[in-house]
Amino acid sequence: MVDLTHLPADAPTDAIATVLDRDGALILDNAMAPDMLTTLRAELAPFVEATPVGGDGFTGVRTTRTGALVARAPACRPLVTHPQIQALCAHLLKPNCERWRLHLTQLIRIMEGQGAQPIHRDRWAWGAHLKGIEPQLNTIWALTDFTAENGATQVVPGSQTWPDDRRPQGHEITRAVMQAGSVLVYTGSVFHGGGAHLGGEDRWGLNITYALGWLRQEENQYLSCPPEIARTLPQDLQDLLGYALGGYALGYYTPPLPPGEGPEMVPPSYALRGEGEAAAFGTAEDLAAIGAQVRGS
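### Considering the layout of surface pockets
Part 1: Each pocket or cavity is described by its volume, and for the largest pocket that value is around 430 Å³.
Part 2: The wall of the largest pocket is formed by 31 residues, among which Phe58, Arg65, Gln117, His120 and Asp122 lie closest to the centre.
Part 3: Of all the secondary-structure elements, those providing two or more residues to the lining of the largest pocket are strand S3 (63-66), strand S4 (100-110), strand S5 (136-142), strand S9 (192-193) and strand S10 (203-212).
Part 4: Considering each element in turn, the lining of the largest pocket owes the most residues, five residues, to S4.
Part 5: Of the residues belonging to the lining of the largest pocket, the class tally is nine nonpolar, 17 polar and five charged.

Encoded structure:
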């Protein structure tokens, strides 16, 4: 069995990126302050308790999945914009996009009696259509201890290079055992799955993931965090949600107003900040980047 590498949360980004490139997954220990952990659990608890279990073997008949966390739980917002995680997004995703986006926020609670989730790749949200690029960076923040008994995530280190139809053998699967406050970081191409919960307290994992800005997000952030909530957030978080152009001409819209009463082709940020955000397309830098890519292809 190949174990997951554990690094301190304040390890240099280059060192973390080296392990991520090699194994496709690692754990950053003690990445969250204890007071934040307490606050997060308190904010999320009412929503988690009200969430029904899944309806099949993949979503989990003894598992709940609670979303819309940017809107519902202010304490999760600093995790979404966490500088170290954003630096890893830049390392992994920036080579294939102008901007990356928040793809999913979900509190996954695994309860006693839940069997192991089928091993899979998160990038299969888009089917098997994407070839040759990594579309996704994922995190699971441990809000409780993750143990081999209570459903610690199954991970197959190094499997990010495998073909889609390869299935891992038992000796290739390890478990993301970690203390509350630590975070599992893994790519969208790594084979993994929730572990079986054999007994003990519920396992709470805060799943926050990011994807290339030109791909459709798994969780529709515009509905999970609509403009009336998004406009109250910091701009960097608004941009991650998708209230910014994904490139020079990617994601603009036209407010459907009567003739002459509104602008044409404005960025999504116009829905939050109004006239000051009016623009035809993206920036000159965005256009130059497209030109450079075309010339280099």
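Next, the rest of the story.
### Considering the pairing of S5
Part 1: Counting buried positions along S5 yields seven of seven residues, so the element is predominantly enclosed.
Part 2: Across the two faces of S5 the burial is the same, with Gln136, Asn138, Ile140 and Ala142 and Leu137, Thr139 and Trp141 all buried.
Part 3: One ladder, built from seven bridges, connects S5 with S10; its direction is antiparallel. Note that in S10 the partner of Trp141 across the bridge is Leu206.
Part 4: Both S5 and strand S8 (residues 183-187) contribute to a ladder of five bridges, which runs antiparallel. Paired with Thr139 across the bridge in S8 is Val185.

### A closer look at the sheet that holds strand S7 (residues 174-175)
Part 1: Taken in spatial order, the three strands of this open sheet run S7-S6-S9, and their pairing is antiparallel. Sheet topology places S7 and S9 at the edges, where each strand pairs with a single neighbour.
Part 2: Two elements, strand S6 (residues 154-155) and S9, share two bridges in a ladder whose sense is antiparallel. In the strand pairing of S9, Gln154 is matched with Gly193.

### Some details on the sheet that holds S5
Part 1: If you trace the seven strands from one edge of the open sheet to the other, you get S1-S2-S8-S5-S10-S4-S3, paired in mixed fashion. Since the sheet does not close on itself, it has two edges, and those belong to strand S1 (6-8) and S3, each with one partner. Averaged over all pairs of adjacent strands, the angle between strand axes in this sheet comes to 25 degrees, irrespective of strand direction.
Part 2: Helix H2 (residues 34-49) rests against S3, S4, S5 and S10 of the sheet, and its axis sits at about 95 degrees to S10.
Part 3: Across the sheet, helix H5 (residues 83-92) is in contact with strand S2 (25-29), S4, S5, S8 and S10; its angle to S5 comes to roughly 155 degrees.

### A word on the pairing of S4
Part 1: For S4, the buried fraction is high: 11 of the 11 residues fall into the buried class.
Part 2: Direction of pairing for S3 relative to S4: antiparallel, over a ladder of four bridges. Residue pairing for S4: Thr66 is matched across the bridge by Leu107.
Part 3: Looking at chain direction, S4 and S10 are connected through 10 bridges and run antiparallel. Its bridge partner lying in S10, Ile110 is registered against Arg203.

### A few points about the packing of aromatic side chains
Part 1: For the structure shown, the criterion picks out three aromatic pairs.
Part 2: Ring centres of Trp162 and Phe191 lie 5.7 Å apart, and the angle between their planes is 40 degrees; this geometry places the pair in the tilted category. Of this pair, Trp162 sits in the loop between S6 and S7 while Phe191 sits in the loop between S8 and S9, placing them 29 residues apart in sequence. The two residues Trp162 and Phe191 agree in class, both being buried.
Part 3: Feature note: the residues Trp124, Trp162 and Phe191 constitute an aromatic cluster, connected by ring pairs.
Part 4: Geometry around Trp204 places Arg41 over its ring, the cationic atom sitting 4.5 Å from the centre.
Part 5: Geometry around Trp162 places Arg166 over its ring, the cationic atom sitting 3.6 Å from the centre.

Criteria and thresholds
- Residues numbered from 1 in each chain as written.
- Predicted model: local features only at pLDDT ≥ 70, side-chain atom pairs only at ≥ 80, totals over all residues.
- Heavy atoms only, no water.
- 1 Å grid on protein atoms, 1.4 Å probe; cavity = no way out; pocket = protein on both sides within 12 Å on 5 of 7 lines; lining within 4 Å.
- Points joined across faces, edges and corners; volume = space filled by probe spheres on them.
- Helix = DSSP H or I, 4+ residues; strand = E, 2+ residues; numbered from the N terminus.
- Nonpolar A, V, L, I, M, F, W, Y, C, P; charged D, E, K, R; others polar.
- Buried < 20%, exposed > 50% of the residue type's maximum accessible area, 1.4 Å probe, protein only.
- Pairing = 2+ DSSP bridges.
- Axes fitted to C-alpha atoms, helices over the stretch in contact; angles between N-to-C directions.
- Contact = heavy atoms within 4.5 Å.
- Phe/Tyr/Trp six-rings, centres within 6.5 Å; stacked < 30°, edge-to-face > 60°.
- Lys NZ or Arg CZ within 6 Å of the ring centre and 35° of its normal.

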